[in-house]
Amino acid sequence: DAGITQSPRHKVTETGTPVTLRCHQTENHRYMYWYRQDPGHGLRLIHYSYGVKDTDKGEVSDGYSVSRSKTEDFLLTLESATSSQTSVYFCAISEDRGSGYTFGSGTRLTVV
Amino acid sequence: EDKVVQSPLSLVVHEGDTVTLNCSYEVTNFRSLLWYKQEKKAPTFLFMLTSSGIEKKSGRLSSILDKKELFSILNITATQTGDSAVYLCAVVSGGGADGLTFGKGTHLIIQP
């Protein structure tokens, strides 16, 4: 997707290992978000950022941490991956609250 | 707790039919409602609605918001097989965590 990239696209990891997903934007948008998408639950907000070093928790933040040291990068870390964190993770960006959000292509994470 | 409910959850129609997808919401301090189309990858933005009664239109797709009754509809006329997707409704509100609250989506299948 134009202006926003996620890496890696796919990852398989073992239970108990740390995992970091990266979201990179070139739009200079202030807001960045991490969502997870699971069957039967839809998209749920994990964490979000409203500026460099400014982050806050979303609906399903337990087991996840984030960091934003530069405007363009928002990292999501699973400190000790569990099978319940197997999911598709989407990053999104927006210029301000209430405006259209642009999503990255997603990262499919499998924890075995 | 903010809530967004979409109906139906799934719908199968024939090419050429007209469909109406529904989204109702209960949120604190409503700001805007967004519609997305999700095929195999990331959700792609369709419409953002902030005012009641003003129809947004793009080709065969249109949407309208009713802030009094707290719902929105998405219409697709003369459906084509390429319209097959999951359609997501999301609301930006002033309550709770930042970011979008999503409905679970309507899975639309267009049969030739």
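Scope of this entry: the structure provided in the associated data block. All values reported here derive from a predicted model rather than from experimental measurement. (Residues numbered from 1 in each chain as written. Chains lettered and ligands numbered in written order. Predicted model: local features only at pLDDT ≥ 70, side-chain atom pairs only at ≥ 80, totals over all residues. Heavy atoms only, no water.)

## Considerations on the interface of chain A and chain B
Residue-level contacts link 22 residues of chain A with 20 residues of chain B. Per-residue buried area on chain A facing chain B is highest for Leu-43, Arg-97 and Tyr-101 of chain A; these three make up 34% of the total on that side. Remark: the boundary between chain A and chain B carries three residue pairs in polar contact (both at pLDDT 80 or more). Going through the elements one at a time, strand S4 (31–38) and strand S5 (42–51) of chain A are the ones with two or more residues in the side of chain A that touches chain B. Ranked by residue count, the leading element in the side of chain A that touches chain B is S4 of chain A, at four residues. For the side of chain A that touches chain B, a count of residues per class yields nine nonpolar, nine polar and four charged. (Contact = heavy atoms within 4.5 Å. Buried area = accessible area lost by both parts, 1.4 Å probe. Polar contact = N/O pair within 3.5 Å; in protein donor to acceptor, adjacent residues only side chain to side chain. Helix = DSSP H or I, 4+ residues; strand = E, 2+ residues; numbered from the N terminus. Nonpolar A, V, L, I, M, F, W, Y, C, P; charged D, E, K, R; others polar.)

## Some remarks on the pairing of strand S9 (residues 85–93) of chain B
All names here are of chain B. Along S9, eight of the nine residues are buried, which leaves the element largely enclosed by surrounding structure. Where S9 meets strand S11 (residues 106–111), three bridges bridge the pair, whose relative direction is antiparallel. When the sheet's bridge partners are listed, Ala-85 is paired in S11 with Leu-108. In terms of strand pairing, S9 meets strand S10 (residues 100–102) through three bridges, oriented antiparallel. The residue of S10 that forms the bridge with Val-92 is Leu-100. (Buried < 20%, exposed > 50% of the residue type's maximum accessible area, 1.4 Å probe, protein only. Pairing = 2+ DSSP bridges.)

## Some thoughts on the sheet that holds strand S7 (residues 61–66) of chain B
Residues and elements named next belong to chain B. With antiparallel pairing, five strands are arranged side by side in an open sheet as S1-S3-S8-S7-S6. Looking at which strands have only one partner, the edges of the open sheet turn out to be strand S1 (3–7) and strand S6 (56–58). Sheet twist, expressed as the mean angle between neighbouring strand axes with direction ignored, is 15 degrees. Pairing analysis gives five bridges linking S1 to strand S3 (residues 19–26), with the strands arranged antiparallel. By the bridge assignment, Ser-7 is partnered in S3 with Asn-22. (Axes fitted to C-alpha atoms, helices over the stretch in contact; angles between N-to-C directions.)

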